[in-house]
Amino acid sequence: MDWRTPQPQPIGIIDSGAGGDRLRRVLQSYLPQELFLSVSDKENFPYGNKSCGFLFARTAKQIERLRELDCKVIILGCGTLSALVFPEVQSLTRIPILDMITPVAKWLSLGSDVVGIIGTQNTIASEKWERQLQLKQGRFYTCACPELATAIERGVSGEQLRQVIRQQTLSLPKVDYLLLGCTHYPRAWADFKKVFSTTYLIDPALFLVAELGRTLKEVNYVLNRS
Ligand code: DGL
(Lines give C-alpha, C1' and ligand atoms only; values in the text may rest on other atoms or scores of the structure.)
Protein backbone atom coordinates (compact mmCIF):
# COMPACT_ATOMS: atom_id res chain seq x y z
CA MET A 1 0.00 0.00 0.00
CA ASP A 2 1.31 3.48 -0.78
CA TRP A 3 0.14 6.96 0.18
CA ARG A 4 -2.63 6.91 -2.44
CA THR A 5 -4.40 4.09 -0.63
CA PRO A 6 -7.23 5.94 1.13
CA GLN A 7 -7.75 5.49 4.82
CA PRO A 8 -11.18 5.25 6.45
CA GLN A 9 -10.42 8.00 8.98
CA PRO A 10 -12.38 11.14 8.03
CA ILE A 11 -11.21 14.68 7.40
CA GLY A 12 -13.02 17.16 9.65
CA ILE A 13 -14.14 20.66 8.65
CA ILE A 14 -15.03 23.36 11.19
CA ASP A 15 -17.26 26.33 10.36
CA SER A 16 -19.88 28.52 11.97
CA GLY A 17 -22.63 27.63 9.51
CA ALA A 18 -23.55 26.73 5.96
CA GLY A 19 -20.14 27.67 4.52
CA GLY A 20 -18.66 24.43 5.85
CA ASP A 21 -21.23 22.30 4.00
CA ARG A 22 -20.35 23.92 0.71
CA LEU A 23 -16.63 23.50 1.39
CA ARG A 24 -17.21 19.81 2.18
CA ARG A 25 -18.93 19.31 -1.20
CA VAL A 26 -16.08 21.03 -3.07
CA LEU A 27 -13.36 19.01 -1.32
CA GLN A 28 -15.33 15.78 -1.72
CA SER A 29 -15.67 16.37 -5.48
CA TYR A 30 -11.86 16.71 -5.85
CA LEU A 31 -10.97 13.91 -3.43
CA PRO A 32 -13.83 11.38 -3.83
CA GLN A 33 -11.82 8.57 -2.21
CA GLU A 34 -11.71 10.46 1.11
CA LEU A 35 -14.44 10.91 3.71
CA PHE A 36 -15.29 14.45 4.87
CA LEU A 37 -17.29 15.53 7.92
CA SER A 38 -18.31 19.11 8.61
CA VAL A 39 -19.28 20.43 12.03
CA SER A 40 -21.16 23.72 12.20
CA ASP A 41 -21.57 25.88 15.27
CA LYS A 42 -24.91 27.28 14.15
CA GLU A 43 -26.08 28.34 17.62
CA ASN A 44 -23.11 30.72 17.82
CA PHE A 45 -23.33 32.04 14.26
CA PRO A 46 -21.98 34.53 13.22
CA TYR A 47 -18.32 34.22 14.17
CA GLY A 48 -17.55 37.49 12.40
CA ASN A 49 -18.29 39.61 15.50
CA LYS A 50 -17.22 37.30 18.36
CA SER A 51 -14.12 37.77 20.56
CA CYS A 52 -10.92 35.93 19.87
CA GLY A 53 -11.09 34.17 23.27
CA PHE A 54 -14.60 32.92 22.60
CA LEU A 55 -13.66 31.64 19.14
CA PHE A 56 -10.58 29.89 20.50
CA ALA A 57 -12.72 28.09 23.12
CA ARG A 58 -15.33 27.08 20.51
CA THR A 59 -12.63 25.83 18.14
CA ALA A 60 -11.02 23.81 20.95
CA LYS A 61 -14.39 22.10 21.56
CA GLN A 62 -14.87 21.29 17.87
CA ILE A 63 -11.32 19.97 17.58
CA GLU A 64 -11.99 17.69 20.54
CA ARG A 65 -15.19 16.47 18.88
CA LEU A 66 -13.38 15.74 15.61
CA ARG A 67 -10.58 14.01 17.49
CA GLU A 68 -13.16 11.71 19.10
CA LEU A 69 -14.48 10.98 15.62
CA ASP A 70 -10.95 9.84 14.73
CA CYS A 71 -10.27 12.56 12.13
CA LYS A 72 -6.84 12.35 10.52
CA VAL A 73 -6.77 15.99 9.32
CA ILE A 74 -8.77 19.02 10.52
CA ILE A 75 -9.61 22.03 8.36
CA LEU A 76 -10.51 25.41 9.82
CA GLY A 77 -13.00 25.89 7.01
CA CYS A 78 -13.90 29.36 8.21
CA GLY A 79 -12.18 32.55 7.11
CA THR A 80 -12.73 34.13 10.52
CA LEU A 81 -11.20 31.25 12.49
CA SER A 82 -8.32 31.10 10.03
CA ALA A 83 -7.64 34.79 10.71
CA LEU A 84 -8.12 34.77 14.47
CA VAL A 85 -7.13 31.41 15.98
CA PHE A 86 -4.69 29.91 13.47
CA PRO A 87 -1.91 28.88 13.98
CA GLU A 88 -2.47 29.02 17.79
CA VAL A 89 -4.96 26.11 17.82
CA GLN A 90 -2.30 23.83 16.36
CA SER A 91 -0.91 23.47 19.88
CA LEU A 92 -4.13 21.71 20.98
CA THR A 93 -3.60 18.51 19.03
CA ARG A 94 -1.12 16.46 17.04
CA ILE A 95 -3.65 16.11 14.20
CA PRO A 96 -2.57 18.31 11.25
CA ILE A 97 -4.73 21.46 11.00
CA LEU A 98 -5.08 23.46 7.76
CA ASP A 99 -6.52 26.95 7.39
CA MET A 100 -8.19 28.86 4.56
CA ILE A 101 -5.65 31.70 4.26
CA THR A 102 -2.17 30.14 3.99
CA PRO A 103 -2.66 28.16 0.73
CA VAL A 104 -4.13 31.00 -1.32
CA ALA A 105 -1.80 33.60 0.23
CA LYS A 106 1.18 31.59 -1.07
CA TRP A 107 -0.21 31.85 -4.59
CA LEU A 108 -1.09 35.56 -4.29
CA SER A 109 2.46 36.23 -3.15
CA LEU A 110 3.74 35.18 -6.57
CA GLY A 111 1.90 37.81 -8.60
CA SER A 112 1.78 41.55 -8.97
CA ASP A 113 -1.97 41.92 -9.24
CA VAL A 114 -4.45 44.29 -7.72
CA VAL A 115 -6.50 42.17 -5.36
CA GLY A 116 -9.55 42.97 -3.28
CA ILE A 117 -10.02 40.79 -0.21
CA ILE A 118 -13.41 40.68 1.45
CA GLY A 119 -14.31 38.96 4.70
CA THR A 120 -16.10 39.32 8.00
CA GLN A 121 -15.55 42.26 10.37
CA ASN A 122 -13.23 40.09 12.50
CA THR A 123 -11.21 38.76 9.58
CA ILE A 124 -10.47 42.18 8.14
CA ALA A 125 -9.85 43.84 11.54
CA SER A 126 -7.31 41.11 12.41
CA GLU A 127 -5.08 42.34 9.53
CA LYS A 128 -4.04 38.72 9.05
CA TRP A 129 -4.19 39.04 5.27
CA GLU A 130 -1.91 42.08 5.29
CA ARG A 131 0.56 40.21 7.50
CA GLN A 132 0.54 37.13 5.26
CA LEU A 133 1.01 39.22 2.14
CA GLN A 134 3.44 41.89 3.34
CA LEU A 135 6.48 42.65 1.18
CA LYS A 136 4.79 41.18 -1.88
CA GLN A 137 4.63 42.90 -5.24
CA GLY A 138 0.87 43.09 -5.62
CA ARG A 139 -1.50 45.70 -4.26
CA PHE A 140 -4.10 44.48 -1.80
CA TYR A 141 -7.26 46.21 -0.62
CA THR A 142 -9.34 44.74 2.16
CA CYS A 143 -13.00 45.40 2.84
CA ALA A 144 -15.14 44.16 5.75
CA CYS A 145 -18.63 42.96 4.87
CA PRO A 146 -20.29 42.59 8.29
CA GLU A 147 -23.76 41.75 6.96
CA LEU A 148 -23.00 39.51 4.01
CA ALA A 149 -22.43 36.11 5.66
CA THR A 150 -25.63 36.52 7.69
CA ALA A 151 -27.63 37.35 4.54
CA ILE A 152 -26.27 34.22 2.82
CA GLU A 153 -26.85 32.04 5.90
CA ARG A 154 -30.47 33.26 6.02
CA GLY A 155 -30.99 32.36 2.38
CA VAL A 156 -31.35 35.90 0.98
CA SER A 157 -31.00 35.52 -2.80
CA GLY A 158 -31.33 37.16 -6.22
CA GLU A 159 -31.43 40.94 -6.56
CA GLN A 160 -31.85 41.39 -2.82
CA LEU A 161 -28.55 39.58 -2.18
CA ARG A 162 -26.82 41.46 -5.00
CA GLN A 163 -27.88 44.74 -3.33
CA VAL A 164 -26.20 43.56 -0.11
CA ILE A 165 -23.04 42.61 -2.06
CA ARG A 166 -22.93 46.02 -3.78
CA GLN A 167 -23.55 47.96 -0.60
CA GLN A 168 -21.01 45.98 1.49
CA THR A 169 -18.21 46.31 -1.08
CA LEU A 170 -18.69 50.01 -1.84
CA SER A 171 -15.31 51.02 -0.41
CA LEU A 172 -13.35 48.71 -2.75
CA PRO A 173 -11.50 50.33 -5.67
CA LYS A 174 -11.36 48.61 -9.08
CA VAL A 175 -9.42 45.35 -8.70
CA ASP A 176 -8.19 42.54 -10.99
CA TYR A 177 -9.12 39.80 -8.54
CA LEU A 178 -11.69 39.62 -5.81
CA LEU A 179 -10.87 37.08 -3.13
CA LEU A 180 -13.90 35.70 -1.30
CA GLY A 181 -12.35 35.49 2.17
CA CYS A 182 -15.32 34.03 4.02
CA THR A 183 -16.48 30.47 3.39
CA HIS A 184 -20.07 31.62 3.02
CA TYR A 185 -19.39 33.92 0.05
CA PRO A 186 -18.74 31.29 -2.67
CA ARG A 187 -22.27 30.01 -2.03
CA ALA A 188 -23.35 33.22 -3.80
CA TRP A 189 -20.86 32.79 -6.67
CA ALA A 190 -23.41 33.54 -9.43
CA ASP A 191 -24.50 36.75 -7.72
CA PHE A 192 -20.90 37.88 -7.19
CA LYS A 193 -20.28 37.19 -10.89
CA LYS A 194 -23.18 39.47 -11.84
CA VAL A 195 -22.01 42.30 -9.59
CA PHE A 196 -18.28 41.93 -10.44
CA SER A 197 -18.68 40.90 -14.07
CA THR A 198 -15.19 41.99 -15.22
CA THR A 199 -13.27 40.78 -12.16
CA TYR A 200 -11.77 37.34 -11.56
CA LEU A 201 -13.22 35.78 -8.44
CA ILE A 202 -10.98 33.68 -6.22
CA ASP A 203 -12.36 30.84 -4.11
CA PRO A 204 -9.72 29.90 -1.47
CA ALA A 205 -11.19 26.35 -1.38
CA LEU A 206 -9.47 25.49 -4.66
CA PHE A 207 -6.05 26.34 -3.22
CA LEU A 208 -6.86 24.37 -0.11
CA VAL A 209 -7.42 21.28 -2.30
CA ALA A 210 -3.76 21.36 -3.36
CA GLU A 211 -2.52 21.87 0.21
CA LEU A 212 -4.77 19.12 1.50
CA GLY A 213 -3.53 16.73 -1.17
CA ARG A 214 0.03 17.34 -0.03
CA THR A 215 -0.89 16.81 3.63
CA LEU A 216 -2.80 13.61 2.83
CA LYS A 217 0.19 12.26 1.01
CA GLU A 218 2.13 12.29 4.29
CA VAL A 219 -0.75 11.37 6.59
CA ASN A 220 -1.96 8.41 4.52
CA TYR A 221 1.59 7.19 4.12
CA VAL A 222 2.10 7.10 7.89
CA LEU A 223 -1.34 5.54 8.53
CA ASN A 224 -0.77 2.87 5.90
CA ARG A 225 2.49 1.86 7.53
CA SER A 226 1.12 1.58 11.04
N1 DGL B 1 -17.82 30.95 7.43
C2 DGL B 1 -17.53 32.08 8.25
C3 DGL B 1 -16.22 32.73 7.70
O4 DGL B 1 -15.65 32.17 6.76
C5 DGL B 1 -18.79 32.87 8.18
C6 DGL B 1 -18.93 34.11 8.87
C7 DGL B 1 -19.40 34.20 10.28
O8 DGL B 1 -19.62 33.19 10.97
O9 DGL B 1 -19.53 35.36 10.71
O10 DGL B 1 -15.75 33.71 8.20
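In case you missed it, the structure is sitting above this.
Residues numbered from 1 in each chain as written. Predicted model: local features only at pLDDT ≥ 70, side-chain atom pairs only at ≥ 80, totals over all residues. Heavy atoms only, no water.

Engineer: What am I meant to see in the pattern of salt bridges here?
Structural biologist: Side chains that differ in sign of charge can pair as their charged atoms come close. Considering all chains together, one arrives at nine salt bridges under this definition. Close ionic contact of E34 with K72 constitutes a salt bridge, the shortest N to O distance being 2.7 Å. A residue pair is termed long-range when its members are at least 10 positions apart, and E34 in the loop between α1 (18-30) and β2 (36-40) and K72 in the loop between α2 (52-68) and β3 (73-76) qualify at 38 residues. E34 sits in the buried class, given a relative accessible area of 4%. In this structure, R67 engages E64 in a salt bridge whose closest nitrogen and oxygen atoms are separated by 2.8 Å. Taken together, the residues R67 and E64, both in helix α2 and three residues apart, mark about one turn of the helix. For R67, a relative accessible area of 42% gives the class partly exposed. We classify E64 as partly exposed; its relative accessible area is 33%. Look at the salt bridges and you will find they share partners, linking E159, R162, R166 and D191 into a network. (Salt bridge = Lys/Arg side-chain N within 4 Å of Asp/Glu carboxyl O. Helix = DSSP H or I, 4+ residues; strand = E, 2+ residues; numbered from the N terminus. Buried < 20%, exposed > 50% of the residue type's maximum accessible area, 1.4 Å probe, protein only.)

Engineer: Help me understand the sheet that holds strand β5 (residues 114-119) in this model?
Structural biologist: Backbone hydrogen bonds are what pair the strands of a sheet, in a parallel or an antiparallel way. Reading across the sheet, the four strands line up as β6-β5-β7-β8 and stay open at both edges, with parallel pairing between neighbours. With one partner strand each, in any of the chains shown, β6 (139-144) and β8 (200-202) form the two edges of the open sheet. Each strand of the sheet is rotated relative to its neighbour by a mean of 25°, with strand direction disregarded. One ladder, built from six bridges, connects β5 with β6; its direction is parallel. (Pairing = 2+ DSSP bridges. Axes fitted to C-alpha atoms, helices over the stretch in contact; angles between N-to-C directions.)

Engineer: Would you mind going over the site of the ligand with me for this structure?
Structural biologist: Around the ligand sit 14 residues in total, of which D15, S16, G48, G79 and T80 are the nearest. Contact between the ligand and D15: a nitrogen atom at 2.7 Å from a side-chain N or O atom of the residue. Between the ligand and the protein, one listed contact pairs an oxygen atom with a backbone N or O atom of G48 at 2.7 Å. About the coverage of the ligand: the protein hides 99% of its 290 Å² of free accessible area. Counted by class, the shell around the ligand contains six nonpolar, seven polar and one charged residues. (Near = heavy atom within 4 Å. Polar contact = N/O pair within 3.5 Å; in protein donor to acceptor, adjacent residues only side chain to side chain. Areas by Shrake-Rupley, 256 points an atom, 1.4 Å probe, with all protein chains shown as cover. Nonpolar A, V, L, I, M, F, W, Y, C, P; charged D, E, K, R; others polar.)

Engineer: Looking at this model, I keep getting lost on the environment of D113. Mind explaining?
Structural biologist: Among the secondary structure elements, D113 is positioned in the loop between α4 (102-108) and β5. Counting along the chain gives 59 residues from D113 to F54, while the straight-line C-alpha distance between them is 35 Å. Among residues more than four places away in sequence, those in contact with D113 are G138, R139, D176 and Y177. (Contact = heavy atoms within 4.5 Å.)

Engineer: Mind showing me how you'd approach the pairing of β2 here?
Structural biologist: The side chains of a regular strand alternate, residue by residue, between the two faces of the sheet. Taken together, the five bridges between strand β1 (residues 11-15) and β2 define a ladder with parallel strand orientation. Pairing of G12 across the sheet is with L37, part of β2. In this region the chain leaves β1, passes through α1 and returns to the parallel neighbour β2; the handedness of that crossover is right-handed. (Right-handed = clockwise from strand over helix to strand, strands pointing away.)

Engineer: Please clarify how the state of the cysteines should be interpreted in this entry.
Structural biologist: Such a bond, covalent and formed between the sulfur atoms of two cysteines, is termed a disulfide. Taken as a whole and assessed by the stated rule, the structure comprises zero disulfides. Just so you know, C52 is unpaired, no disulfide at all, and the nearest cysteine sulfur is the one on C78, 12 Å from it. Accessibility expressed as a relative area gives 40% for C52, which makes it partly exposed. No disulfide involves C145; its sulfur sits 4.3 Å from the nearest other cysteine sulfur, which is in C143. (Disulfide = S-S within 2.5 Å.)

Engineer: Is there a simple way to explain the side chain of N122 in this structure?
Structural biologist: With respect to the helices and strands, N122 occurs in helix α5 (residues 121-125). You can call N122 buried: its relative accessible area is 15%. One polar contact links the side chain of N122 to the main-chain carbonyl oxygen of Y47, over a distance of 2.9 Å. Of the polar contacts made by the side chain of N122, one reaches the backbone oxygen of K50; its length is 2.8 Å. Residues within four places of N122 in sequence aside, it is in contact with Y47, G48, N49, K50, L55, T80 and L84.

Note that all results are geometric; they support no functional claim without further evidence.
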